[in-house]
Amino acid sequence: MHTKEAVSVFRLVSLWVGAQTYRDDILDAYVRPYAGTIGNDFLLQDDNARLHRACIVDDYLQQETIQCMEWTARSPDLNPIEHVWKALGRRIATLNPPPQILATLATALQAMALTSYGTDRLH
């Protein structure tokens, strides 16, 4: 996924998403087109979050013939995104005052991304 697209997806994915939102707004909007570009070598790496294993998601992935990487249950050390979430959590914990609403949290996370990666890498 290109950095700009990844940042768009990262925009908290509205922080809490359900399986249908994940299917429609993430898998269908971003993953399916990207998988089509890569072709048969595409392998989706997610984690074992409940929404990733929901029937509606599994059915969609089978219908679109998107292959998923098999993970053992509770394997955060094997999934690099878990390290990103942990690092973000530590940085958010240092904010004073802490974000009280989703919009403030989103702004803080975007500012952290800009200071960590620079705006040139987001375009």
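No experiment lies behind these values; they were computed from the predicted model shown.

Got a minute to help me understand the overall build of the protein chain in this structure?
Helices and strands together make up the secondary structure of the protein chain, namely 5 helices and 0 strands. Ordered by position from N to C terminus, the α and β elements of the protein chain give α-α-α-α-α. Here the protein chain holds 123 residues, and the buried ones make up 24% of them.

I keep staring at the confidence of the model for the protein chain and nothing clicks. Help me out?
Interpretation of this model should avoid reading the predicted coordinates in detail wherever pLDDT is low. Taken residue by residue, the protein chain gives an average pLDDT of 78. The fraction at 70 or more is 74%. Within the protein chain, no element has a lower average pLDDT than helix α1 (residues 3-10), which sits at 44, and none a higher one than helix α3 (residues 55-63), at 96. The low-confidence segment residues 118-123 (pLDDT under 50) makes 7 contacts with residues lying over four places distant or belonging to another chain.

I would appreciate a short explanation of the packing of aromatic side chains in the present structure.
Each aromatic ring pair is summarised here by two numbers: the centre-to-centre distance and the angle between the ring planes. In total, this model carries 1 aromatic pair according to the counting rule given. Taking the centre distance of 6.1 Å and the plane angle of 80 degrees together, the rings of Tyr34 and Phe42 count as edge-to-face. The partly exposed category is assigned to Tyr34, whose relative accessible area is 28%.

How do you make sense of the pattern of salt bridges when you look at a structure like this?
Opposite charge on two side chains allows them to pair when their charged atoms are near. Across all of its chains, the model carries 3 salt bridges by this definition. Across the pair Asp24 and Arg23 runs a salt bridge, and its minimum N-O distance is 2.7 Å. Overall, the relative accessible area of 31% leaves Asp24 in the partly exposed class. Salt-bridge contacts for Arg32 lead to Asp28; the nearest nitrogen and oxygen are separated by 2.9 Å. You can see Arg32 and its partner Asp28 sitting in helix α2 (residues 19-38), 4 residues apart, about one turn around the helix.

Looking at this structure, how should I read the environment of Arg91?
When you line up the elements, Arg91 lands in helix α4 (residues 80-93). Residues Arg91 and Leu109, spaced 18 residues apart in sequence, show a C-alpha to C-alpha distance of 9.0 Å.

Even after reading the chapter, I still don't get a nonpolar patch on the surface, so can you show me in this structure?
Residues Ile81, Val84 and Trp85 make up a contiguous nonpolar surface patch of roughly 250 Å² in combined accessible area. In this fold, Ile81 is placed in helix α4.

Please clarify how the side chain of His52 should be interpreted in this entry.
If you trace the backbone, His52 turns up in the loop between α2 and α3. Once residues lying within four places of it in the same chain are set aside, the contact partners of His52 are Tyr22, Asp46, Asp47, Val57 and Asp58.

Just checking my understanding: could you explain the environment of Leu95 for this structure?
Mapped onto the elements, Leu95 comes out in the loop between α4 and α5 (102-117). Judged by its relative accessible area of 27%, Leu95 is partly exposed. Residues Leu95 and Ala108, spaced 13 residues apart in sequence, show a C-alpha to C-alpha distance of 8.6 Å. Those residues in contact with Leu95, other than ones at most four positions away along the chain, are Ala108 and Met112.

About the cut-offs
Residues numbered from 1 in each chain as written. Predicted model: local features only at pLDDT ≥ 70, side-chain atom pairs only at ≥ 80, totals over all residues. Heavy atoms only, no water. Helix = DSSP H or I, 4+ residues; strand = E, 2+ residues; numbered from the N terminus. Buried < 20%, exposed > 50% of the residue type's maximum accessible area, 1.4 Å probe, protein only. pLDDT = per-residue confidence, 0-100. Contact = heavy atoms within 4.5 Å. Phe/Tyr/Trp six-rings, centres within 6.5 Å; stacked < 30°, edge-to-face > 60°. Salt bridge = Lys/Arg side-chain N within 4 Å of Asp/Glu carboxyl O. Patch = residues over 30% accessible without salt bridge, like charges linked within 9 Å, V, L, I, M, F, W, Y side chains within 5 Å. Areas by Shrake-Rupley, 256 points an atom, 1.4 Å probe, with all protein chains shown as cover.

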